[in-house]
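Descriptive structure summary
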Amino acid sequence: MRDLERRVWVATFAAVLLFAVFEVLKTILFPNISLTNSHIMTVIVAGVTTFFVSRYALSRYGEALKLVERQTVMTEETNRLLSAVLATMREGVLIVDSQMRILLYNDAAARIMRLPSGELSPSSSPLYSAPQSSRPPRLVDATRDPAINAAFRSAVEDRTAVETRVETADREARSFQLNVAPLSRDLAVGVFFDISQLERLERVRREFFANLSHELRTPLTAILAYAETLMGGAIDDVENNARFIEKLYKHAARMNELISDISDLAAIESGKVKLATGPVRLRSVVSEVIALAEARHSDCGIAFSVSVPDDLFVMADLTRLEQILYNLIDNAIKFNKSGGSVTITAKEEGSTVRIDVEDTGAGIADADLPRVFERLYRADKSRSRKIEGTGLGLAIVKHLVQAHGGEVYAASEPGRGSRFTFTLPSAKGHPQRETNSPALSGAEK
Ligand code: ATP
Ligand code: MG
């Protein structure tokens, strides 16, 4: 625009100059011209010059208008793009001014703080900015968290970038890393990165190693103690030496079992275990696994009830399916009450088969329920320690079911029992064969 103004001034000046030159030339060339003719000539030349200057100015103005139009379209396009990016971002974004008023935020930020979403749609304004009509919300009204307020204030006032960790105390507590940076014109932009999942994984990893060292130390301490006793002379104690060696063996076997479970789990998780899937008659596998589990818990006194249609086939790796069922049934017996029962039901649901293993045990507390599939996690530590196990069974079940393309989940009513449900692809439409389980030697875990 400034350029256009300058050009028009230059053109006007040139026209005045031209006009002056014309006047001089007129006096030299036509010294005797009458006043009327002189005026007529002046009017004609002035008219022609004004016409050309105006035309020039108008054409320049038209070009400038087109440029402005193009720029407006581009700005709108950029704003739309920015709005779309902001709206789809998982990170919360928030811009405040020097008065700590929120000028702009996206949906993710609205979910983190008490800010209206929806009404500020990207189509109604270029970004999720506060409507012109209403006063922008204040940061302190959106969140009372002193850490968030302090971070923005320090970015606005001290013009320094701030990095801090904040937590939301709503239904599901979530933690965020908040990065606030100063922007031009006394503004500051804050970005909230959700780090809850990362922190959860980190906690699971820490607990896994703590549990692992505990699980290994217990049998190892016993092995060392028995070995020392034997070396200290008990080897010649004919009455007790066999018993000590038996204990030594039992603890070494437990360690061996734990380590082979962990490497099995690692192999399943990394996808190294290849599944030999085929149609498997579910009912026969359930019956055989129950027989094996009953033999292992000979005096458990648990009643079994099976409701699995005879003609129900699933697409599964037979040995791995036995392993899944054994772990669930083993738990349903171990964590049951005396005289309790275990019910196994299966039914086809579209292209999948849903299998439920239900027990009448003590159940699982709400806080433990989402964690029972974690490696080495044992709910109700004091009770679980009395019951044999390492806490790997369900982790193995979860990964095996997922490797089959199914899902597994648990539900429980503390004090009344638990239900573990998993799904497998149905073998409907595949040529079916009768499966005869091998000796189920590897069924445990
Ligand atoms: P492992 O299976 O390695 O022998 P475990 O049975 O203790 O040991 P998981 O099968 O992984 O380990 O189960 C994890 C925890 O979940 C158990 O320690 C127990 O606290 C809880 N749990 C599992 N199944 C049940 C159930 N049917 N009823 C109540 N609690 C259960
Ligand atoms: Mg188990």
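I will try to describe carefully the structure that is included in this document.

Cut-offs used in this document
- Residues numbered from 1 in each chain as written.
- Chains lettered and ligands numbered in written order.
- Predicted model: local features only at pLDDT ≥ 70, side-chain atom pairs only at ≥ 80, totals over all residues.
- Heavy atoms only, no water.
- Helix = DSSP H or I, 4+ residues; strand = E, 2+ residues; numbered from the N terminus.
- Expected span 1.5 Å × (residues − 1).
- Buried < 20%, exposed > 50% of the residue type's maximum accessible area, 1.4 Å probe, protein only.
- Near = heavy atom within 4 Å.
- Polar contact = N/O pair within 3.5 Å; in protein donor to acceptor, adjacent residues only side chain to side chain.
- Areas by Shrake-Rupley, 256 points an atom, 1.4 Å probe, with all protein chains shown as cover.
- Nonpolar A, V, L, I, M, F, W, Y, C, P; charged D, E, K, R; others polar.
- Axes fitted to C-alpha atoms, helices over the stretch in contact; angles between N-to-C directions.
- Left-handed = near helix turned anticlockwise from the far one by under 90°.
- Contact = heavy atoms within 4.5 Å.
- Pairing = 2+ DSSP bridges.
- Salt bridge = Lys/Arg side-chain N within 4 Å of Asp/Glu carboxyl O.
- Core = buried A, V, L, I, M, F, W, Y, C linked by side-chain atoms within 4.5 Å.

Quick notes on helix α2 (residues 35-88)
Spanning 54 residues, α2 covers 78 Å between terminal C-alpha atoms, matching the ideal 80 Å at 1.5 Å per step. Restricting attention to buried positions, one finds in α2 the residues Ser38, Thr42, Thr49, Val53, Ala57, Ala64, Ser83 and Leu86.

Quick word on the site of ligand 1
The environment of ligand 1 is formed by 20 residues, the closest being Asn331, Lys334, Asp359, Gly391 and Leu394. Contact distances for ligand 1 include 3.0 Å between an oxygen atom and a backbone N or O atom of Ala379. Note that an oxygen atom of ligand 1 is positioned 2.8 Å from one of the backbone N or O atoms of Gly391. Relative to its unbound accessible area of 590 Å², ligand 1 is 98% covered by the protein chains. At the level of elements, α9 (318-334), α11 (393-403) and β12 (417-425) are the ones that each hand at least two residues to the shell around ligand 1. Among the residues forming the shell around ligand 1, the class breakdown is eight nonpolar, eight polar and four charged.

Details of the packing of α9 against α11
The N-to-C vectors of α9 and α11 enclose an angle of 145°; their axes lie 9 Å apart at closest approach. Crossing angle aside, the handedness with which α9 passes α11 is left-handed. Contacts between α9 and α11 involve Arg320, Gln323, Ile324, Asn327, Leu328 and Asn331 from the first element and Gly393, Leu394, Ile396, Val397, Leu400 and Val401 from the second. Partitioned by chemical class, the residues of the contact of α9 with α11 number seven nonpolar, four polar and one charged.

Here we look at the sheet that holds strand β9 (residues 341-349)
Overall, mixed pairing links the five strands, which are arranged β7-β9-β10-β12-β11 in an open sheet. Of all strands in the sheet, those bounded by a partner on one side alone are β7 (303-307) and β11 (408-413). The average angle at which neighbouring strand axes cross in this sheet is 15°, direction not considered. Sheet analysis places β7 next to β9, joined by five bridges and oriented parallel. In the sheet register, Val306 faces β9, and the bridge partner there is Ile344. Of the strands in this sheet, β7, β9 and β10 (352-359) touch helix α8 (residues 282-296), which is tilted by about 170° from β7.

A few points about the environment of Ser260
Structurally, Ser260 is set in helix α7 (residues 241-269). Among the polar contacts made by the side chain of Ser260, one reaches the main-chain carbonyl oxygen of Glu257 at a distance of 3.1 Å.

Comments concerning the pairing of strand β5 (residues 187-194)
Judged by how many residues are buried, β5 sits mostly within the fold: six of eight residues are covered. Both strand β4 (residues 174-183) and β5 contribute to a ladder of eight bridges, which runs antiparallel. If you follow Phe176 over to β5, its bridge partner there is Asp194.

Quick notes on the pattern of salt bridges
Evaluated as defined, the whole model comprises 22 salt bridges. The salt bridge involving Arg138 is made with Asp141; its shortest N-O contact spans 3.2 Å. Residue classification places Arg138 among the partly exposed residues on the basis of a relative accessible area of 42%. Linked through salt bridges whose partners overlap, the residues forming this network are Arg200, Arg203, Glu207, Arg371 and Glu374.

Structural notes on the pairing of strand β6 (residues 277-281)
Burial runs high along β6: four of the five residues are buried. The sheet contact formed by β6 and strand β8 (residues 313-317) spans five bridges and is antiparallel. Looking at β8, one finds that Thr277 is bridged to Asp317.

Description of the nonpolar core
Counting residues in hydrophobic clusters, the biggest one holds 52 residues, and the most contacted among them are Leu282, Leu321 and Phe422. Top contributing element to this core by residue count: α9, with nine residues. Not counting the four nearest positions on each side in its chain, Leu321 is found in contact with Val280, Leu282, Val285, Val314, Ala316, Phe422 and Leu424. Counting residues in each nonpolar core, the second largest holds 24 residues, with Leu94, Ile112, Ala151 and Val180 among its members.

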